Amino acid sequence: MPFTFRPAIVRGETLYELPRPLPQLKLVDTWDSEGFKVPLRDGETRQRHSRNGVVITLSGDVLSHDGTLQLDEQAMFETLEGLRAALHVGGETERYRLYLYFDAATETYRHFRDCSTLKFEYDLSDATRFRYELQIHAEDPQLYTTGLE
């Protein structure tokens, strides 16, 4: 499989893979524009379109991390603590890149830059499977293709 789903948070040289499995990944692109309406005339005109940042929602379970099974509550909890720390953004200089896919044939990643966490929700009620939902905002809407940066 040369093109694989490998979501990770990257800051500088530090790569933190997201716990797996991740059965849901949703991306939302939106645009702003100005609308002009002439009274008593049907229709309207939209101008000056610009793309907003991208909102990325991931839902997953903490069953494995970095290829290691998380077999008990303590291991799952420690993995969530690590994820929580990786997601923290305390200022503009702490934004991160969100890597989504790895292409082994070209050794490149597809990723968003200038990311910050909007929401991190986790459910600890099932002792055999901790679940989480993560919402990230990428200020830069471009999806980059580069090597590990």
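Here, every reference points to the structure presented above.
Predicted model only: the values in this text are computed from it and were never measured.

Novice: Please explain the pattern of salt bridges as it appears in this structure.
Specialist: Opposite charge on two side chains allows them to pair when their charged atoms are near. The final tally for this structure, using the stated rule, is eight salt bridges. Its salt-bridge partner being Asp61, residue Arg129 comes within 3.2 Å of it at the nearest N-O pair. Within this pair, whereas Arg129 is found in the loop between β10 (108-123) and β11 (130-138), its partner Asp61 is found in strand β6 (residues 54-62), the two being separated by 68 residues in sequence. We note a salt bridge from Lys119 to Glu121, for which the minimum N-O separation is 3.6 Å. Several salt bridges converge on common partners, so that one network encompasses Asp61, Arg129 and Arg131.

Novice: Just to check I follow, could you spell out a negative patch on the surface for this structure?
Specialist: A contiguous patch of negative charge, built from Asp72, Glu73, Glu78, Glu81, Asp123 and Asp126, is present on the exposed surface. Broken down by element, the negative patch gets its largest block of residues, three residues, from helix α1 (residues 73-87). Relative to the helices and strands, Asp123 resides in strand β10. By relative accessible area, which is 37% here, Asp123 ends up partly exposed.

Definitions and cut-offs
Residues numbered from 1 in each chain as written. Predicted model: local features only at pLDDT ≥ 70, side-chain atom pairs only at ≥ 80, totals over all residues. Heavy atoms only, no water. Salt bridge = Lys/Arg side-chain N within 4 Å of Asp/Glu carboxyl O. Helix = DSSP H or I, 4+ residues; strand = E, 2+ residues; numbered from the N terminus. Patch = residues over 30% accessible without salt bridge, like charges linked within 9 Å, V, L, I, M, F, W, Y side chains within 5 Å. Areas by Shrake-Rupley, 256 points an atom, 1.4 Å probe, with all protein chains shown as cover. Lys, Arg positive; Asp, Glu negative; His and termini not counted. Charge placed at Lys NZ, Arg CZ, Asp CG, Glu CD. Buried < 20%, exposed > 50% of the residue type's maximum accessible area, 1.4 Å probe, protein only.

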